[in-house]
Amino acid sequence: MNRSISSLIIAVFCLLATQAIHAVTVAPILQSKEGMVTAAHPLAAAAGAEILEKGGKALDAAIAVSLALGVVEPYASGLGGEGYMDAVMADGREVAIDFRSTAPAMANYKNLNKAGDLGKVRYTPKGYCVAGVPAGIGKALELANLPLSVLAAPAIRLAEESFEVTETFSKVNMDRWEILSEKTPGFLDDGMPWAAGATFRNPALAKTLRIIAKKGIDTFYKGELANNLDRFMRKNDGWTRKSDLKAYRALSKEPINGSYRGYDLSVPGSPVGGPRILATLNILEHFNLAIMSWDDPLAIHR
Amino acid sequence: MKNRVFQVILACSLFTVFSSVSMASEVVLTPFGQSPDAMMVKVVLKKLGVNARLEKLLEADGFQEEKVLITVVAGSSKGLGEAGIDKDAEITRMKSVADVAKAKGMKVLVMHIGGKGRRGTLTDMFIVEAVPMADKLIVVEGGNYDGLFTRLVEGTDLEILPANSVRETTEPLQMVLTEWGVVEQ
């Protein structure tokens, strides 16, 4: 059981999209003998727990969490993102899936040179890279128990029925207001940032999730959603084409193994930060952190 | 004939609409801390029909016969960096701007619209300097979570005008600007 709990935690953690996670909260330490889901947002963790209750295993919960996070913290996660999953299955198999995004073929040296200030281009359709999250979920589904329609249900419900805007959501909205009001005013609350405590719905995302849940992941890369994206890109001077989407593959890789004070570790390989984590932990092994308090300068700096 | 009547009715309606709002730029807006929040207030003012001039680095000699100075407080390291000034220079700028505004008989409205998320060491430093400049003070919910604004207005006649969100600052803004003769009732 311990092993499956740790794989659950690792899977959920690693399936998150890669942008910075802003949420920092203080909460009591919780324990469970039956399984536990952690996520950057309580509603996403609840989505994972709901899937466990329906008979899903860690990977099922991780998929549900990933989809739910895309709804409740769209500034940090989502179908348009990328990631890396590293999981240890109950039978001991180690799995690593690399679903980082790829640049479209038209994002070549010549076009990038002509595009102007790349700091600004990144906020235009030209800045879009082929998303890896749907393909990563597709690969993870091969190891899951429950169908995508069940795993996507909590995310669809959140997007359709609404949820309360958090302080973090609101702050990111404030910080990014200028760019949001210029590029996607419809995302805002009548032109203004969403306030903490407000009720947020995302029917367009719910519709997209419903299409994926009904038609499968392939619709994102080869079907209806690929056609929609291709049309949007052509109309708005973007570079991604359906051919880029069709060519995308999530990659199965070998995780890297290491140890820390007798614990076996399985981490993602390069270019994700796994090797760095192992190196850091191996250095830390030489220090007795247990005798230092959490705020001991030696503990912090080591 | 029908067209003529319609035109007259339309003209009268438009006149009625426009006569209730400010036509000239009677409001000058500047951030205190160089966050983008002042731009949001400009949008809210536009919804109220108030044409405000936004000057990110308004100086004491930069007024153009406006009646009201609105300063929106929130510290942004990025904004200060882009503007090429540090926090001390920003405080000096705002103090001299507010002094001249008062000397000209202008009203000063201080706003904090970012809630709890727009508080912190840098912003608090600006808030402490800004509140004494204010004739009126609007604070969006969460901004006064620790009672900082309450402590700063203690013993003064200044009242904190609350709003639930940036969007809902229209209500206190309309009230204040009506009282100051910028918006007609």
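What you see is a predicted model; the values in this text were computed from it and never measured. (Residues numbered from 1 in each chain as written. Chains lettered and ligands numbered in written order. Predicted model: local features only at pLDDT ≥ 70, side-chain atom pairs only at ≥ 80, totals over all residues. Heavy atoms only, no water.)

1. Quick word on the overall build of chain A
- Scanning chain A from terminus to terminus reveals 15 helices and 7 strands.
- Here chain A holds 302 residues, and 44% of them are scored as buried.
- Surface exposure of chain A reaches about 16200 Å², of which carbon and sulfur atoms provide 56%. (Helix = DSSP H or I, 4+ residues; strand = E, 2+ residues; numbered from the N terminus. Buried < 20%, exposed > 50% of the residue type's maximum accessible area, 1.4 Å probe, protein only. Areas by Shrake-Rupley, 256 points an atom, 1.4 Å probe, with all protein chains shown as cover.)

2. Side note on the pattern of salt bridges
- By the definition in use, this model includes 25 salt bridges over all chains.
- Asp91 of chain A serves as the salt-bridge partner of Arg93 of chain A, at 3.0 Å between the closest nitrogen and oxygen.
- Of the residues examined, Arg93 of chain A reaches a relative accessible area of 43% and is grouped as partly exposed.
- A network of salt bridges, in which partner residues are shared, links Lys171 and Asp175 of chain A together with Asp37 and Arg118 of chain B. (Salt bridge = Lys/Arg side-chain N within 4 Å of Asp/Glu carboxyl O.)

3. As for the sheet that holds strand 5 (residues 136–140) of chain B
Residues and elements named next belong to chain B.
- Spatially, the 6 strands line up as an open sheet ordered 2-1-3-4-5-6, and their pairing is parallel. In this open sheet, the two strands that pair with only one neighbour each are strand 2 (52–54) and strand 6 (160–163). Taking each pair of neighbouring strands and ignoring which way they run, the sheet shows an average axis angle of 25 degrees.
- The pairing of strand 3 (residues 68–73) with strand 4 (residues 107–112) spans 5 bridges and is classified as parallel. What sits directly across from Val68, in strand 4, is Lys107. (Pairing = 2+ DSSP bridges. Axes fitted to C-alpha atoms, helices over the stretch in contact; angles between N-to-C directions.)

4. Here we look at the packing of helix 4 (residues 87–103) of chain B against helix 5 (residues 121–130) of chain B
Residues and elements named next belong to chain B.
- It is at 11 Å that the axes of helix 4 and helix 5 come closest, and there the two elements cross at 20 degrees. Regarding the angle of helix 4 to helix 5, the classification is roughly parallel. Like other packed secondary-structure pairs, helix 4 and helix 5 cross with a definite hand, here right-handed. Facing helix 4, whose interface residues are Lys87, Glu90, Ile91 and Lys95, helix 5 presents Leu122, Met125, Phe126 and Glu129.
- Classifying every residue of the contact of helix 4 with helix 5 by side-chain character gives 4 nonpolar, no polar and 4 charged. (Parallel < 35°, antiparallel > 145°, perpendicular 65-115°, else oblique. Left-handed = near helix turned anticlockwise from the far one by under 90°. Contact = heavy atoms within 4.5 Å. Nonpolar A, V, L, I, M, F, W, Y, C, P; charged D, E, K, R; others polar.)

5. As for the confidence of the model for chain A
- For chain A, per-residue confidence averages 89 on the pLDDT scale, and 91% of positions sit at 70 or higher.
- The low-confidence segment residues 1–23 of chain A (pLDDT under 50) makes 56 contacts with residues lying over four places distant or belonging to another chain. (pLDDT = per-residue confidence, 0-100.)

6. What about empty space enclosed by the protein?
- Counted by the stated rule, this structure contains 2 cavities of 30 Å³ or more.
- If you trace the second largest cavity, you find it lined by Glu178 of chain A together with Pro31, Ser35, Pro36, Ala38, Met39, Leu54 and Lys56 of chain B.
- For the lining of the second largest cavity, the class distribution of residues is 5 nonpolar, 1 polar and 2 charged. (1 Å grid on protein atoms, 1.4 Å probe; cavity = no way out; pocket = protein on both sides within 12 Å on 5 of 7 lines; lining within 4 Å. Points joined across faces, edges and corners; volume = space filled by probe spheres on them.)

7. Concerning the interface of chain A and chain B
- With 11 residues of chain A at the contact, the number on the chain B side is 17 residues.
- Each partner contributes to the roughly 1200 Å² buried at the junction of chain A and chain B, and carbon and sulfur atoms together form 63% of this total.
- The largest contributions to the chain A side of the interface with chain B come from Met174, Trp177 and Met192 of chain A, which together make up 46% of the buried area.
- The interface formed by chain A and chain B contains 3 salt bridges.
- For Asp189 of chain A, the salt bridge is made with Arg167 of chain B, and the minimal N-O distance between the two is 3.1 Å. (Buried area = accessible area lost by both parts, 1.4 Å probe.)

8. Looking at the pairing of strand 7 (residues 263–267) of chain A
All names here are of chain A.
- Across 5 bridges, strand 6 (residues 256–260) lies against strand 7 in antiparallel orientation. Paired with Asn257 across the two strands is Ser266, which belongs to strand 7.
- In textbook terms, the turn of a hairpin is the stretch between consecutive antiparallel strands, and for strand 6 and strand 7 this stretch comprises 2 residues, one of which, Arg261, has a positive phi near 50 degrees.

9. Some remarks on the sheet that holds strand 1 (residues 83–88) of chain A
All names here are of chain A.
- Pairing is antiparallel in the open sheet, where 3 strands are placed in the order 1-2-5. At either end of the open sheet lies a strand with only one pairing partner, and these are strand 1 and strand 5 (251–253). With direction set aside, neighbouring strand axes in the sheet form an average angle of 20 degrees.
- As judged from the 3 bridges shared by strand 2 (residues 94–99) and strand 5, these two strands associate in the antiparallel manner. Across the sheet, Ala96 pairs through a bridge with Lys253, a residue of strand 5.
- Across the sheet, helix 6 (residues 133–141) is in contact with strand 1, strand 2 and strand 5; its angle to strand 2 comes to roughly 160 degrees.

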